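Below, each chain spelled out in residue letters.
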Amino acid sequence: MAKFLVTGGAGFIGGNFLHIMVNRYPNDEYVCLDALTYAGNMETLEPILNKPNFKFVHENICNREGVFKLFEKEHFDYVINFAAESHVDRSIEDPEIFLRTNILGTAVLMDACRKYGIKRFHQVSTDEVYGDLPLDRKDLFFTESTPLHTSSPYSASKASADLLVLAYHRTFKLPVTISRCSNNYGPYQFPEKLIPLMIQKASRDEALPVYGNGSNVRDWLYVGDHCNAIDLIVRNGKDGEVYNVGGHNEKTNLEVVKTILSALNKPETLINYVKDRPGHDLRYAIDPKKIETELGWKPEHNFKTGIAATIKWNLENTKWLHNVESGEYMNWMKKHY
Ligand code: NAD
Ligand code: TYD
């Protein structure tokens, strides 16, 4: 029996992680800490709210006093940090909150880990810390030893946090691991990110805004496969190690958008090429050899099965999406407490 703190669990990936783990490990306890920013949604946690091994705490990882009090009370064995500002376009609009949550918040959590003791602190990071690869070099992939070379305030804040995590390991011997995953998609993703946004727009016959000429490449991984990778790393990974996570599903943005249009039986004339994102990374592509050979991780979904499941979820879960779009999800705490 072990006790887990999962920060950012009311968000997209943390929420999926909790759905899987709370059911997979009924003898372990899961405490979700989340500040419920615009990206946090208690409706995502509804399927597990009444489970006896799950508890929610409304808190901000930057609030040192609140975080320390929680650690003192709960005695966590494992801390998994999903909490972050996660949207590149928002980081271009206003970088400051990215620095506070993604860097300083991570430091607060690790200071609490040092003071109260834990078996493992796991940092959920991203392949965006490696910067981008050229479009005409299909032979190149990110490995764990690719130098950090960031492009956006978001990726710079995540890379800073990664460096801090490794520094706490070296200086304070904090038992840490880091995962760097490629782009995720699946149920409960906030519809400001490419795939859920395009599904919503296409289903309503609205124009689909494609940045630049749509040739940028992302390496798409179904969210459940990312969650399983984190579970393996937390339980079996080695202290101080970084693990890349990705399933070799590289697609141009245009390919993704056309797949969605074709699945929904909508015309490609809905595609609207708009002004490119400043500093737009060209290509991400993960080499997952380390996690495959050392921990035996293998994805269950490829892009074809994952995108079908994601489109189906988005078409069937209109209440969740409607409440996000209307802002109603923000009233959850008021209505229930
Ligand atoms: P998300 O934006 O959907 O969720 C983030 C969650 O963190 C929200 O519930 C939000 O309320 C919470 N949060 C934000 N600031 C907080 C704070 N100061 N204190 C406590 N909680 C706070 O993000 P996501 O897509 O689920 O990403 C989760 C993690 O995975 C992030 O660290 C992100 O960098 C990383 N990641 C994401 C992807 C992806 O494709 N989405 C890929 C690789 C890595
Ligand atoms: P996004 O989902 O924001 O993830 P990230 O920037 O972290 O990779 O975007 C994925 C890709 O889709 C990225 O190349 C930008 C592009 N994009 C569009 O072309 N139009 C859009 O409206 C959005 C949100 C993204």
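Quick caveat, the model's predicted, so the values are computed rather than measured.

*Asks:* For this particular structure, what's the right way to read the state of the cysteines?
*Replies:* By definition, a disulfide links two cysteine residues through a covalent bond between their sulfur atoms. Across all of its chains, the model carries 0 disulfides by this definition. In this model Cys181 remains outside any disulfide bridge; the closest cysteine sulfur is found in Cys227, 9.1 Å from its own. On the basis of relative accessibility, which here comes to 3%, the residue Cys181 falls in the buried class. According to the relative accessible area criterion, Cys227 is buried, its value standing at 0%.

*Asks:* Quick question: what am I supposed to make of the site of ligand 1 here?
*Replies:* For ligand 1, the set of nearby residues contains 28 residues, the closest of which are Ile13, Asp34, Ser86, Tyr154 and Lys158. Residue Phe82 places a main-chain N or O atom 3.2 Å away from an oxygen atom belonging to ligand 1. The side chain of Tyr154 places a nitrogen or oxygen atom 2.6 Å from an oxygen atom of ligand 1. Protein coverage of the free-state accessible area of ligand 1, which is 830 Å², stands at 97%. Looking at the shell around ligand 1, the elements that each hand over two or more residues are helix 1 (12-24), strand 5 (120-126) and helix 6 (153-172). Partitioned by chemical class, the residues of the shell around ligand 1 number 13 nonpolar, 12 polar and 3 charged.

*Asks:* Help me out: how do you make sense of helix 12 (residues 318-326) in this one?
*Replies:* Because an α-helix packs 3.6 residues into every turn, residues spaced three or four apart end up facing the same way. Every buried residue of helix 12 is listed here: Trp320, Leu321, Asn323 and Val324. The arc enclosing the buried residues of helix 12, seen along the axis, measures out at 165°, which places them on a common side. Exposed residues on helix 12 whose side chains face more than 90 degrees from its buried face are Thr318, Lys319 and His322. Looking at the buried residues of helix 12, the elements they touch are helix 2 (42-45), helix 7 (194-203) and helix 11 (303-316).

*Asks:* Looking at this structure, how should I read the packing of aromatic side chains?
*Replies:* Two aromatic rings, taken as a pair, are described by how far apart their centres are and by the angle between their planes. By the definition in use, this model includes 18 aromatic pairs. Pairing Phe98 with Tyr154 gives two aromatic rings, centres 6.4 Å apart and planes at 80°, and the pair type is edge-to-face. On the criterion of sequence distance, the pair formed by Phe98 in helix 5 (residues 96-116) and Tyr154 in helix 6 is long-range, its members being 56 residues apart. Overall, Phe98 belongs to the buried group, its relative accessible area being 1%. Classification of Tyr154 by relative accessible area gives buried; the value is 8%. Geometrically, the ring pair formed by Tyr185 and Tyr222 is edge-to-face, given 5.7 Å between the ring centres and 80° between the ring planes. Here the residue Tyr185 occupies a position in strand 7 (residues 184-185), and Tyr222 occupies one in strand 10 (residues 221-222), the gap between them amounting to 37 residues. This pair shows no difference in class: Tyr185 is buried, exactly as Tyr222 is.

*Asks:* Can you walk me through the site of ligand 2 in this structure?
*Replies:* Around ligand 2, a shell composed of 17 residues is seen, among which Glu128, Pro209, Arg218, Arg277 and His280 lie nearest. In the environment of ligand 2, an oxygen atom lies 2.5 Å from a nitrogen or oxygen atom belonging to the side chain of Arg277. In the complex, the protein chains occlude 96% of the 510 Å² of accessible area that ligand 2 would expose alone. Of all the elements in the fold, those that place two or more residues in the shell around ligand 2 are helix 7 and strand 8 (208-211). Class assignment for the residues of the shell around ligand 2 results in 8 nonpolar, 4 polar and 5 charged.

*Asks:* What exactly am I supposed to notice about helix 6 here?
*Replies:* Between its first and last C-alpha, helix 6 extends 28 Å over 20 residues, near the 28 Å set by a 1.5 Å rise per residue. Of the residues making up helix 6, those classed as buried are Tyr154, Ser155, Ser157, Lys158, Ala159, Ala161, Asp162, Val165 and Tyr168. For helix 6, the elements touching its buried residues are helix 4 (88-93), helix 5, strand 5 and strand 6 (176-181). Of the residues flanking the end of helix 6, it is Lys173, one or two places downstream, whose phi is positive at about 60°.

*Asks:* Quick question: what am I supposed to make of the environment of Ile271 here?
*Replies:* By the element assignment, Ile271 lies in strand 13 (residues 271-274). Exposure remark for Ile271: the relative accessible area of 13% places this residue in the buried category. Along the backbone, Ile271 and Gly40 are 231 residues apart, and their C-alpha atoms lie at a distance of 30 Å. Once residues within four sequence positions are removed from consideration, Ile271 is found in contact with Leu208, Val210, Leu254, Val257, Lys258 and Leu261.

*Asks:* Teacher, can you tell me more about the pattern of salt bridges here?
*Replies:* Counted according to the given criterion, the structure contains 26 salt bridges. Residues Lys201 and Glu206 are paired through a salt bridge, measuring 3.6 Å at the closest nitrogen-oxygen approach. The exposure class of Glu206 is partly exposed, given its relative accessible area of 32%. Salt-bridge contacts for Glu316 lead to Lys312; the nearest nitrogen and oxygen are separated by 3.2 Å. In this pair, Glu316 and Lys312 are both assigned in helix 11, 4 residues apart and thus about one turn of the helix distant. Shared partners join several salt bridges into a network, and the residues in it are Lys3, Glu29, Lys55, Lys73 and Glu74.

Rules and cut-offs
- Residues numbered from 1 in each chain as written.
- Chains lettered and ligands numbered in written order.
- Predicted model: local features only at pLDDT ≥ 70, side-chain atom pairs only at ≥ 80, totals over all residues.
- Heavy atoms only, no water.
- Disulfide = S-S within 2.5 Å.
- Buried < 20%, exposed > 50% of the residue type's maximum accessible area, 1.4 Å probe, protein only.
- Near = heavy atom within 4 Å.
- Polar contact = N/O pair within 3.5 Å; in protein donor to acceptor, adjacent residues only side chain to side chain.
- Areas by Shrake-Rupley, 256 points an atom, 1.4 Å probe, with all protein chains shown as cover.
- Helix = DSSP H or I, 4+ residues; strand = E, 2+ residues; numbered from the N terminus.
- Nonpolar A, V, L, I, M, F, W, Y, C, P; charged D, E, K, R; others polar.
- Arc of directions from axis to C-beta.
- Contact = heavy atoms within 4.5 Å.
- Phe/Tyr/Trp six-rings, centres within 6.5 Å; stacked < 30°, edge-to-face > 60°.
- Expected span 1.5 Å × (residues − 1).
- Salt bridge = Lys/Arg side-chain N within 4 Å of Asp/Glu carboxyl O.

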